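Summary of the model geometry
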Amino acid sequence: MDKTDTGKNSIIDRIWSFFASVKLAVIVFSCISLTSIVGTIIEQQAASENNIKLLAKIFGISSAHTVYGVLDYLGFTDMFNSWWFIALLFLFAMNLVICSIERLPVTWKLVRQPQKPLGAEGFGAGSPGREVVIKANAENAGNKAVEALKKIGFKGEVVKSEGLVQVLAEKGRYSRLGVYVTHLSILLILIGAVIGLKYGVGGSLKLLEGTSSSTARANNGKDFPLGFELRCDDFEVSFYPESERPKDYKSILTVIENGREVLTQEIGVNNPLTYKGVTFYQSTYGFFPNREALFKFSVMPMNSPREDVSLKFEGSFKVPGTNMSVKVADFSPALAVNSKGDLFTFAESMINPAVFVEISEGGKVKSRQWILKNYSDTWRTPAGVIEFKDLWGAQYTGLQVRKDPGVWIVYLGCLVMAIGLYIAFFMSHARIWIRVKEEKDKTRLTIAASINKNRIAFDHRLDRLAAELEKTKS
Amino acid sequence: MDSSVFFGVATIAYILAMVAYIAYLAFRGGMVGVAATTVTIIGFVSQTIGFGLRWKEFSAIGGMGLLRSVPLTNLYESLVFFVWCIILGYLIIEWIYKTRSFGAFVTPIAGITLAFISIGGVSAEIQPLVPALQSNWLLAHVTMSFIAYAAFAISFATALMYLAVNTEDRRSFPYIFWTATIGLFAGALVAMSIDFITLKIAARSSQAFIQNYLFKATFRSEYAAVTAASFASLGGFVFLAWRYGDALRKLILSFSVTPDMLEDITYRLIAIGFPIFTIGGLIFGAVWADQAWGKYWSWDPKETWSLIIWFVYAFYLHARQMRGWRGNKIAVLAVIGFAVTMFTYLGVNLLLSGLHSYGGA
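1. Quick word on the pattern of salt bridges
For side chains bearing opposite charge, pairing can occur when the charged atoms are close. Residues and elements named next belong to chain A. The full count for this structure, using the stated rule, is 22 salt bridges over all chains. Between Glu170 and Arg173 there is a salt bridge; the shortest N-O distance is 3.2 Å. As a salt-bridge pair, Arg217 and Asp223 come within 2.9 Å of each other at their nearest N and O atoms. Arg217 gets classed as partly exposed once you look at its relative accessible area, which sits at 45%.

Written as structure tokens, this is what we have:
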């Protein structure tokens, strides 16, 4: 933008200066913050009763419906997706871009400009101790100054101009660009978010063990195709001892494409599966008792080899090498004993799965007992050791499904932001000038310096520089 | 020896250090100052060992490896770590600025916090983690957020001190602002202490504590009279701070701190806290959320309020750098920044989750 144009005050100039103004920045910052606060109070994308109940607490029951109607009309019930909130974010982005473009040329000039010798006035207010007189001629003293600078991590250069000798050293000139890198990263994140909103889709999928699906339920309630089929082979959940807190849960998933199994992978919380741009996250699980589920046992009769059996509810199997048969008569996902010694089921998930079996010999029931998956001493039966391994097909895995082509740009933006912040806050532009002035058989070295941040640490370094120069005296 | 022994040593050391720092202010003796710093360092080292031991205990119980066992999952541990960060920050300031003036302020906060935690029933009960928290991101995200919170907390204190030494007129906005802030803050701290003593809750998860216990003995009491009395006392605190703000001003002035130094410390702490908060709190949080829940940003209240913190401090930095704001204006911004931070930590869970059913980390 050419500065001489601004006098004409064309429409474009006015729009430009509107977006470049600090006032706009303040207004946009405040608007985003204040509306966001409202957005955290009003429950987003929720059933209207929840919010009406909440509003009734604040405004009274009589006006709650009216207030809700107004808020709903204004988009506050789903404000982070509303046109005006997105417009605010857009204004924020425009403001950021145009302010950066306005200031970049000045900074760029500063960054491109190599360090120049300092005028006499720059050395005027030399602080005490920042001046050293050494016994050497100017050339030697200059070299000694370069060496001393090297000791504090600076690369010095002797410059002669108009009979004056100065040693110049500079560091981190490009750190002045850190703030622009940070601004760019915000833009990248916003662009990635827009791509995600436009081309991405999010939803969920519940799969019972052994079943598969080629669609998932989108957040808007519609089904969307995955482009392949996903099957849940198995689901396992483990709990912390003596508690209902889940310790870990995981699913084994298989991707089927054109009738062929392409990929089998175990996923868990914090460990998703990605296939063809669609990512599946382990989010919930549940217990769904049904007659198709299979009870899996491992049977070890006295005189026969171990054998695996699986059967449905109320089914039975014959124990090899005996004439006894075992029937599944009852099941509890979470068996417990109360203080009176009665058995009961204490939870709806498979915390302590137990199966009740009837063992009969020659058609007559011989004994009945509970076999618990997690307690091996309950596996002993008159027909040998019967291990209850799993109830397969009665648990479902709850998956979050997401397809977001913009997420990589967001990640890139995050990386750029981390780099930009590091440069902007932890690096600084430091410049040192040492004036070399020959006086008879001695040379006077005067230090001047400037830094744009972290002044105190820099001062310590300058003290060290002076001390290094002092050492060369002898 | 287990971690609580070392935390006990640290508590005693901080309280002794407080005495030494006050004596230092009174007598200005060189040796007293060295002794105060030494005792603080002993407390700090002891607390560090305690923290490391607790980390090991946690990993042994959880069985999840060291990286995933950082002991920062309940209120007790969070407060201990917060105290640790503040003492570390203080020691760095003492070293850089070569002043012991803040010691008399900081060590009592550290000592009293640790003492309250142990009175409140330390019960080194270690709670196992739910699967969503079993991630390597936990360590980076939580520790960096806390370091940033601690930096903001100290900047809040120095900004308040700046306002205190810089305002005299009881009718001016900055005076009312800083005295009201101190009054509200002191009132809230006293109320929390009462919670700790009466309800014995230190070992709960911070989520559960904030929702079910915080201010239950005072502002959120079941008895209307207690609630009313609590709010009246809060008003009393504000009035006292306003009425006797001048005495506080003289006290701070007697520590021989200059306004320039206070402003410089405030700025530098925010300049350190802001990038750490952005990277550790926002970016690592987003990456973790992306891996655990499949959404890097979902505008939940905690995230939204973190973004507001970010906006306030970004505004502070730009106002100072680009607009050249100095003095009371910028100090007020720094105070607001930490108030928003406190609201994000406590208020979001207390008020917003009380109304809704937000869970999660």
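2. Structural notes on the pairing of strand β11 (residues 294–300) of chain A
Residue and element names in this part refer to chain A. Of the pairings in the sheet, the one linking β11 to strand β20 (residues 384–392) comprises seven bridges and is antiparallel in character. Paired with Phe297 across the bridge in β20 is Phe388. Direction of pairing for β11 relative to strand β12 (residues 307–311): antiparallel, over a ladder of five bridges. Opposite Lys296, over in β12, you have Ser310 as the bridge partner. Count of turn residues in the β11/β12 antiparallel hairpin: six residues.

3. Here's the deal with the side chain of Ser155 of chain B
Along the chain, Ser155 of chain B falls in helix α5 (residues 137–166). Beyond its immediate stretch of four places on either side in the chain, Ser155 of chain B contacts Thr266, Leu269 and Ile270 of chain B.

4. Side note on the sheet that holds strand β13 (residues 316–318) of chain A
Residue and element names in this part refer to chain A. Overall, antiparallel pairing links the four strands, which are arranged β13-β14-β17-β18 in an open sheet. For this open sheet the edge positions go to β13 and β18 (364–372), each flanked by a neighbour on one side alone. Across the sheet, the axes of successive neighbouring strands diverge by a mean angle of 25 degrees, strand direction being ignored. In terms of strand pairing, strand β17 (residues 354–361) meets β18 through eight bridges, oriented antiparallel. Bridge pairing in β18 links Val357 to Gln369.

5. Quick word on the confidence of the model for chain B
All names here are of chain B. Looking at chain B, pLDDT values average 82 and 86% of them are 70 or higher. Predicted confidence in chain B is weakest over helix α7 (residues 206–213), with a mean pLDDT of 64, and strongest over helix α10 (residues 259–293), with 92. Note on residues 354–361: pLDDT under 50 across the span, and 16 contacts to partners over four residues away in sequence or across chains. Scoring the predicted complex yields pTM 0.83 and, for the interface, ipTM 0.83.

6. Overview of the packing of aromatic side chains
Residue and element names in this part refer to chain B. As enumerated under the stated definition, the model contains 47 aromatic pairs over all chains in all. Site record: aromatic cluster; members linked through ring pairs are Phe44, Phe51, Trp55, Phe81, Phe82, Trp84, Phe146 and Tyr149. The side chain of Arg100 reaches across the aromatic face of Tyr24, ending 5.9 Å from its centre. One cation-aromatic arrangement involves Arg170 over Trp242; the distance from NZ or CZ to the ring centre is 5.6 Å.

Reading the values: the criteria
- Residues numbered from 1 in each chain as written.
- Chains lettered and ligands numbered in written order.
- Predicted model: local features only at pLDDT ≥ 70, side-chain atom pairs only at ≥ 80, totals over all residues.
- Heavy atoms only, no water.
- Salt bridge = Lys/Arg side-chain N within 4 Å of Asp/Glu carboxyl O.
- Buried < 20%, exposed > 50% of the residue type's maximum accessible area, 1.4 Å probe, protein only.
- Pairing = 2+ DSSP bridges.
- Helix = DSSP H or I, 4+ residues; strand = E, 2+ residues; numbered from the N terminus.
- Contact = heavy atoms within 4.5 Å.
- Axes fitted to C-alpha atoms, helices over the stretch in contact; angles between N-to-C directions.
- pLDDT = per-residue confidence, 0-100.
- Phe/Tyr/Trp six-rings, centres within 6.5 Å; stacked < 30°, edge-to-face > 60°.
- Lys NZ or Arg CZ within 6 Å of the ring centre and 35° of its normal.

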